[in-house]
Protein chains: 2
Amino acid sequence: MSKKSKRSDKSAISGQMAAKTDAKKTKKEAPKATEHAAIVTAPETVVVPEPPPDPDYPRYRVEAGKNLKLAEINPNESEHYQSKADVKEELEKQRQRISSLQERLYAERRQSLLIVLQAMDTGGKDGTIRGVFQGVNPQGCQVSSFKAPSTEELEHDFLWRYHNKAPQRGIISIFNRSHYEDVLIVRVKQMISEDIWRYRYHAINEFEHMLTLNNTTVLKFFLYISKDEQKRRLESRLKDPSKHWKFSSNDLKERVFWDQYHVAFEDAINNCSTEYAPWYVVPANKKWYRNLVIARTIADTLEAMNPQYPAAEAGLENIVVPD
Amino acid sequence: MSKKSKRSDKSAISGQMAAKTDAKKTKKEAPKATEHAAIVTAPETVVVPEPPPDPDYPRYRVEAGKNLKLAEINPNESEHYQSKADVKEELEKQRQRISSLQERLYAERRQSLLIVLQAMDTGGKDGTIRGVFQGVNPQGCQVSSFKAPSTEELEHDFLWRYHNKAPQRGIISIFNRSHYEDVLIVRVKQMISEDIWRYRYHAINEFEHMLTLNNTTVLKFFLYISKDEQKRRLESRLKDPSKHWKFSSNDLKERVFWDQYHVAFEDAINNCSTEYAPWYVVPANKKWYRNLVIARTIADTLEAMNPQYPAAEAGLENIVVPD
């Protein structure tokens, strides 16, 4: 990728931020110094993060402003790889990279990584977590699965429960489903009106922007399977007694809305793939290829975040440990 | 171990519970049916859990009522094993067992496991999590590290922040430090009076009892290192530049209180090692042996919990997936 284009992206964001902080000043809201890690108020402390780096395989990243059509993507794609065995070594290498970079991220306690996983039912969110993260130290890795909201959650704004699970410094946080459910299922099932879900794209972008300004890198993956692949997966759960417990007849009810979900996904991706928090649409019919692409993207991103072990206390050379 | 003695333990607990629920009845507090998983109120729903099973190596378990003296335990012990290489295969086997039992626990969504790790500084809590749990699916495993309490936490009772992190059904929750800090450091540093820390043993036992009555199995490990092993570890952090960032001169300040901490640990273990939530004092000078003992104990415990994949929906055989 070109370093130059990255720079210009960055200054574009800087300009935007400068405009915002100027607006604040005229309102005479003097920013107060605060120790709180999650809120950046003082203009002088605003550090505009580098946009997430191009991974080696950026073709699955949805560039901001691009009008993506899912139909243009082949969910069966797997580059030159033919089978799980073909990617075994490469996947193991990427998992090792994630594991060792995560150790540095945790020690550094300065940045964090938020990974959003979305997919149609049977799309492989659970399998991705197992396949990519099994081997990462659980101390630095937190998975939040979002199901139907509780009564308490429904009595707050839609971002409240997700914000609560945003990663603290040093942590990789994985959202198994996410705030995007609030522009997907609620739109398809017509639980909210169009003006509300349209507004939410904006609210989501602002939320993710604020996270990135606080050293949280945001990666969003849509695991893209085809409709007949979903059929195969549901049938395999029906046929194989060891998978019976995974089968939910609710998945069949949702399947009826396949096309509506795809429109909602396209809109969400097109409206919320930003320079600072890009969406990746990952061909996911082949589970092993999906895992490889995601592992590679995460490892490359962590490498570009370049976490460092913290500096030592001053004067270590003179310290003697008493008996 | 004798099956018989287990049975009698169990009926002793049953008796205790029966007495309690009787007391409730006389107070006319009619228990209300509730869907909430975390609270058992109705006597008829009280299921007294089996006490955690004896692992293959029960000699590190502190039997309830035993007056343990730490001095009786050899922190250098490692059975017949001489080196890390000796335990490699066995440790890998135990980790595999944990990983596959965890998968069933997660699918079952009926029980959970709470693992408490306590140790003196440099005792190996972080290393244990990495060494035992790296390889477990992070989706089913949650680590909570408890540091100095926040202002908000201090404005609640001492158990509040720990209760909040109790494992939900299906989850293995690891406490890196725990509610036991509230009878350790606060006692040694004389932040609270003796009547308060003595009362807390009781409060802790009641808290853990309630968890076990809600299908949470509780395992508590004290990683026991010797004072000169701590010296070696601190010196190695000073000598090795790659470990400099781990060195905190605060550890030296705490080391001065070594003996007072040991008295506090002995008291906490003796007062809070119960049939339903036992303490294990694990020889921890040899990191590889410590990991083996803990992995083995956890795997045996999970096996005895015997999690099962949930039953399938009725009528699966007649379902056809539409195109």
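Residues numbered from 1 in each chain as written. Chains lettered and ligands numbered in written order. Predicted model: local features only at pLDDT ≥ 70, side-chain atom pairs only at ≥ 80, totals over all residues. Heavy atoms only, no water.

K.L.:
In this structure, what is going on with the interface of chain B and chain A? I would like to understand it.
P.N.:
Bring the parts together and some accessible area is lost; that lost area is often taken as the interface size. Taken together, the contact pairs 43 residues of chain B with 42 residues of chain A. A buried area of about 3,600 Å², summed over both sides, lies between chain B and chain A, and 60% of it is on carbon and sulfur atoms. Together, Gln139(B), Trp245(B) and Val321(B) form the three largest contributors to the area buried by chain B at its contact with chain A, with a combined 19%. Taken together, the connections running from chain B to chain A amount to 2 salt bridges. (Contact = heavy atoms within 4.5 Å. Buried area = accessible area lost by both parts, 1.4 Å probe. Salt bridge = Lys/Arg side-chain N within 4 Å of Asp/Glu carboxyl O.)

K.L.:
I keep staring at the sheet that holds strand 5 (residues 216-224) of chain B and nothing clicks. Help me out?
P.N.:
As a general point, the strands of a sheet are linked pairwise by backbone hydrogen bonds and lie either parallel or antiparallel. All names here are of chain B. Taken in spatial order, the 6 strands line up as 1-6-5-2-4-3 in an open sheet, and their pairing is mixed. Edge strands, defined here as strands with exactly one partner in the open sheet, are strand 1 (61-62) and strand 3 (141-145). Of the strand pairs in this sheet, strand 1 and strand 6 (residues 279-283) are connected by 2 bridges, and their pairing is antiparallel. Across the sheet, residue Arg61 finds its bridge partner in strand 6, namely Tyr280. (Pairing = 2+ DSSP bridges. Helix = DSSP H or I, 4+ residues; strand = E, 2+ residues; numbered from the N terminus.)

K.L.:
Can you help me understand the relation of the copies chain B and chain A in this one?
P.N.:
Look at the two chain copies: a rotation about an axis and a shift along it is all it takes to match them. Taken as rigid bodies, chain B and chain A are interconverted by a rotation of 180° and an axial shift of 0.0 Å, the fit giving an RMSD of 0.0 Å. What the rotation and shift describe, once combined, is the action of a two-fold rotation axis. In terms of C-alpha distance to the rotation axis, chain B has Gly135(B) as its closest residue, with the C-alpha 2.1 Å off the axis. The share of interface residues of chain B whose copies in chain A are also at the interface is 98%, consistent with both copies meeting through the same surface. (Least-squares fit on C-alpha atoms with pLDDT ≥ 70 in both.)

K.L.:
Explain the sheet that holds strand 1 (residues 61-62) of chain A to me, please; I cannot follow it from the model alone.
P.N.:
Residue and element names in this part refer to chain A. Read from one edge of the open sheet, 6 strands run 1-6-5-2-4-3, paired in mixed fashion. The open sheet has two edge strands, strand 1 and strand 3 (141-145), and neither has a second partner. As judged from the 8 bridges shared by strand 2 (residues 112-119) and strand 5 (residues 216-224), these two strands associate in the parallel manner. Bridge pairing in strand 5 links Ser112 to Thr216. Against the sheet, helix 11 (residues 287-305) contacts strand 2, strand 4 (172-176), strand 5 and strand 6 (279-283), and its axis sits at roughly 170° relative to strand 5. (Axes fitted to C-alpha atoms, helices over the stretch in contact; angles between N-to-C directions.)

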